[in-house]
Amino acid sequence: MGARRLYESGLGGSGDEIYAALLEAHKGLSEAESEALNARLVLLLANRIGNAHEVLELIETARSYTG
Amino acid sequence: MPAYPYAEQPFIRPPELDGGRTDAPVAIVGAGPIGLSMAIDLALKGVKTVVLDDNNVVSVGSRAICWAKRTLEIFDRLGVGERMLEKGVTWKVGRNFHGRDEVYSFDLLPEAGHKYPAFINLQQYYVEEYLLERAREFPDLIDVRFLNKVTGHEDGGDGVRLSVETPEGTYTLDARYMLACDGANSPTRTRMGLDFSGQTFEERFLICDIEMKGSPFGDHDTPERWFWFDPPFHPGKSALLHKQPDDIYRIDLQLDAGADPEAEVAPDRVVPRLRAIVGDKPFRIDWLSVYRFRCMMLDRFVHGHVIFVGDSAHVVSPFGARGGNGGIQDVDNLGWKLAAVLKGEAPESLIDSYDEERRHGAEENILNSSRATNFMTPKTPAEALFRAETLRLAHDQPFARELINSGRLSRPCSLAGFPLQTPGGGPVVPGTAMPDAPLGGDWLISLVQGDFTLVGFGNVRLPAVPGIRRIGVDQRGDYPCHGDAEGFALGRYGMGLAYLFRPDGHVAAVFDAPTAAQVGAARDRALGRIPAMQEAV
Ligand SMILES: Cc1cc2nc3c(=O)[nH]c(=O)nc-3n(C[C@H](O)[C@H](O)[C@H](O)COP(=O)(O)OP(=O)(O)OC[C@H]3O[C@@H](n4cnc5c(N)ncnc54)[C@H](O)[C@@H]3O)c2cc1C
């Protein structure tokens, strides 16, 4: 299992706004549409980060909470 | 069989059946593209080989078609590159479609100044025919024996004894080295009980060659590589289209995991699918087969005096054309090393560097081929989801196009960082397969490959070192010098640098003011005579 990294906040005080926007984006979507939206979002975010090492660390951290 | 006129090769009674012997130090099992290339490479270095094949025709059925630039450059050194280029269909643009829409296209060789194009398509039976004809130009060095099946072998520690079965009896053959070029189902590998592990893909693929006048490439007839995800004519699956010589087109169609191969090749099943791709133009089916693909390799390619080369050592799914192309790079890597060992110019341990360098190449090919095949054949809902959304985004998001994987096409493998190379810098780093450049009426790859060669680009003096050929580019010297009128060579290699190339055209070392001692040491390192140098940090 990959290592979990602990991240300090990088949200610059806009956490509530971003979180609300995520919920808003899924409003009225079917489960399948929500999953697809999340997949697109992950792809877009990965591209914005653009650095394989950082993306791999994020994947490992997310995965470390499974189960 | 395809319409290609297969010539049956004669059985020639081997001398061993009448008490004779051969003094060839190398026995090659298998006269496929890899075994034949191996024999030619060794013959060019004066090494005698016996090539044994259980069959008597070139490639049965239609298999490989795409041959990469690096392979053509190696074939150039073997003396068959120009012939392949002339007969082959040159292409460099690939287009990926999703549904009805084109989502991504790529140009594999956007720049000029190379002798060979990014790719040609040429049926494997032609490749083997040309290699066989070339091998026959060395009657004193290459003894190709058709209908000679190797049924056993024994590595006695200083050489190998092979058991061979022929229509007129059996015999044994002794050789210092046995090269197992006996293909994906290598009987040598089975006999030795070696683990061949990796991934098998459940989906089956229907491979069709059809002969047709007129182009299926939309409104133009420039040969390209077209790949469809989920096309209207084959919903939910993928399809691939290539042009080959003789008006033959290759169409690959992905089938269901549980597809019945017999049923899939039935005309009432195949013809409507092909019609959906090529429209109502008349065509003739030349060859049909159904495959399941694997990505697997041996843990070691060198086992004492038995050396695995080509498909016997590693197999990949064909998306990316890394099977045959990878095998030809094996040949390129092993040929000069084996010849140097047999001539006493290098220690036997040099052969281990083949194992190390080419396992690295095979791993790279397997990684790329399995990623492409996984993209094409999603196995879980999550895999299918990411693929669907990647394809959806790719219609207008530039970044997503890069994620579409219909095969990452074979590229020359870099050997940077391996112990034979002398660490150093320059626009082309040690370990890289040499980039080509035009030099007057000639080409850099044709002038350099084959022997250890020191090339000076621009203002750099080349010391004389016995056994090392020297070539100057855009300079004067007491060795052959060539102009660089269009500036390609200096543009690619940099100004005022000298490069030492290995006989396989990979860069061994880069210098800015080389001394004879430095160049000699780099050559000795490449031959495994002196230890590796630690990378300077
Ligand atoms: C559908 C398909 C498409 C492909 N497309 C491409 C492509 O586009 N580009 C590419 O680079 N590669 C491609 N490949 C892969 C390519 O065909 C192989 O990598 C290539 O044939 C390997 O050559 P080889 O000489 O190692 O083995 P083979 O071609 O299999 O030759 C092995 C030889 O050994 C002989 N032999 C076996 N056992 C014995 C024995 N006991 N005694 C004597 N002789 C024996 C066989 O008769 C045969 O002649 C494709 C493969 C397939 C199936």
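Definitions and cut-offs
- Residues numbered from 1 in each chain as written.
- Chains lettered and ligands numbered in written order.
- Predicted model: local features only at pLDDT ≥ 70, side-chain atom pairs only at ≥ 80, totals over all residues.
- Heavy atoms only, no water.
- Buried < 20%, exposed > 50% of the residue type's maximum accessible area, 1.4 Å probe, protein only.
- Helix = DSSP H or I, 4+ residues; strand = E, 2+ residues; numbered from the N terminus.
- Pairing = 2+ DSSP bridges.
- Disulfide = S-S within 2.5 Å.
- Contact = heavy atoms within 4.5 Å.
- Buried area = accessible area lost by both parts, 1.4 Å probe.
- Salt bridge = Lys/Arg side-chain N within 4 Å of Asp/Glu carboxyl O.
- Polar contact = N/O pair within 3.5 Å; in protein donor to acceptor, adjacent residues only side chain to side chain.
- Nonpolar A, V, L, I, M, F, W, Y, C, P; charged D, E, K, R; others polar.
- Domains from an automatic or database assignment.
- Axes fitted to C-alpha atoms, helices over the stretch in contact; angles between N-to-C directions.
- Parallel < 35°, antiparallel > 145°, perpendicular 65-115°, else oblique.
- Left-handed = near helix turned anticlockwise from the far one by under 90°.
- Expected span 1.5 Å × (residues − 1).
- Bend = angle between axes of the 7 residues up to and from the residue.
- Near = heavy atom within 4 Å.
- Areas by Shrake-Rupley, 256 points an atom, 1.4 Å probe, with all protein chains shown as cover.

(A) Molecular detail of the pairing of strand β12 (residues 177–180) of chain B. Residues and elements named next belong to chain B. Of the two faces of β12, both are covered, the one formed by Tyr 177 and Leu 179 as well as the one formed by Met 178 and Ala 180. Both strand β1 (residues 26–29) and β12 contribute to a ladder of four bridges, which runs parallel. Considered in β12, the bridge of Val 29 is made with Ala 180. Bridging between β12 and strand β19 (residues 306–308) involves three bridges; their strand directions are parallel.

(B) Geometry of the sheet that holds strand β24 (residues 469–473) of chain B. Residue and element names in this part refer to chain B. Read from one edge to the other, the open sheet built from five strands follows the order β25-β24-β23-β26-β27, with strand pairing classed as mixed. Because the sheet does not close on itself, it has two edges, and the strands there are β25 (481–482) and β27 (507–511). Of the strand pairs in this sheet, strand β26 (residues 497–501) and β27 are connected by four bridges, and their pairing is antiparallel. Following the sheet pairing, Phe 501 is matched in β27 by Val 507.

(C) Inspection of the state of the cysteines at higher detail. Counted under the stated rule, the structure contains zero disulfides over all chains. Here Cys 208 of chain B is not cross-linked by a disulfide; its sulfur's nearest cysteine counterpart is in Cys 66 of chain B, at 15 Å.

(D) Region of interest: the side chain of Gln 329 of chain B. Residue and element names in this part refer to chain B. Of note, Gln 329 is situated in helix α8 (residues 323–342). Gln 329 gets classed as buried once you look at its relative accessible area, which sits at 7%. Other than its neighbours up to four places away in sequence, Gln 329 contacts Arg 70, Ile 74, Arg 358, Ser 410, Arg 411, Pro 412 and Cys 413.

(E) Local environment of the interface of chain B and chain A. Every contact between the two is made by eight residues of chain B and, on the other side, eight residues of chain A. Interface area for chain B against chain A, summed over the two sides, is near 780 Å², with a carbon-plus-sulfur share of 82%. If you look at where chain B meets chain A, you find one salt bridge. Notably, a salt bridge pairs Glu 389 of chain B with Arg 40 of chain A, separated by 2.5 Å at the nearest N-O pair. Along the contact surface separating chain B from chain A lie one residue pair in polar contact (both at pLDDT 80 or more). In terms of residue class, the side of chain B that touches chain A is made up of five nonpolar, one polar and two charged.

(F) A look at the pattern of salt bridges. All names here are of chain B. Within the structure shown, the criterion is met by 46 salt bridges over all chains. Residue Arg 70 is joined to Glu 73 by a salt bridge in which the shortest nitrogen-to-oxygen separation is 3.3 Å. Of the two residues, Arg 70 and Glu 73 are both situated in helix α2 (residues 69–78); the distance of three residues between them amounts to about one turn of the helix. Like Glu 73, Arg 70 is buried. Here the residues in one salt-bridge network are Asp 41, Lys 45, Lys 69, Arg 70, Glu 73, Arg 77 and Asp 332, joined through shared partners.

(G) Up close: the domain arrangement of chain B. All names here are of chain B. We note that the domain assignment places domain 1 (15–89 + 116–195 + 299–367) and domain 2 (438–536) within chain B. The distance between the C-alpha centroids of domain 1 and domain 2 comes to 29 Å. With 16 residues of domain 1 in contact, the opposing surface of domain 2 contributes 14 residues. Between domain 1 and domain 2 we count one salt bridge in total. The partner of Arg 502 in a salt bridge is Glu 357, and the shortest N-O contact between them spans 2.9 Å. In this assembly, domain 1 and domain 2 are joined by seven residue pairs in polar contact (both at pLDDT 80 or more). Of all the secondary-structure elements, those providing two or more residues to the side of domain 1 that touches domain 2 are α2, α8 and α9 (350–376).

(H) View of the packing of helix α1 (residues 33–44) of chain B against helix α4 (residues 124–135) of chain B. All names here are of chain B. It is at 9 Å that the axes of α1 and α4 come closest, and there the two elements cross at 25 degrees. One element, α1, and the other, α4, form an angle in the roughly parallel class. Of the two elements, α1 crosses α4, and the hand of that crossing is left-handed. Of α4, the residues touching α1 (which contributes Pro 33, Leu 36, Ser 37, Ile 40 and Leu 44) are Gln 124, Glu 128, Leu 131, Leu 132, Arg 134 and Ala 135. When the residues that make up the contact of α1 with α4 are grouped by side-chain class, the tally is seven nonpolar, two polar and two charged.

(I) Structural detail: α8 of chain B. All names here are of chain B. Spanning 20 residues, α8 covers 28 Å between terminal C-alpha atoms, matching the ideal 28 Å at 1.5 Å per step. Helix geometry: α8 is bent most strongly at Leu 334, by close to 25 degrees. A large share of α8 lies buried, amounting to 18 of its 20 residues.

(J) Structural context of unusual backbone geometry. Residues and elements named next belong to chain B. In this structure, Asp 230 is a non-glycine residue whose phi angle is positive, near 55 degrees. Relative to the assigned elements, Asp 230 resides in the loop between β14 (225–229) and β15 (238–244). Residue classification places Asp 230 among the partly exposed positions, given a relative accessible area of 33%.

(K) Representation of the site of the ligand in the model. All names here are of chain B. As a structural note, the neighbourhood of the ligand is formed by 29 residues, with Asp 53, Asp 54, Gln 124, Asp 311 and Asn 325 the closest of them. A distance of 2.6 Å separates an oxygen atom of the ligand from a polar side-chain atom of Asp 54. Val 150 has a polar backbone atom sitting 3.0 Å from a nitrogen atom of the ligand. For the ligand, whose accessible area on its own is 1000 Å², the fraction buried by protein is 89%. Of all the secondary-structure elements, those providing two or more residues to the shell around the ligand are α1, β9 (149–155) and α8. Top element by residues in the shell around the ligand is α8. It accounts for three residues. Here the shell around the ligand is composed, by residue class, of 14 nonpolar, nine polar and six charged.

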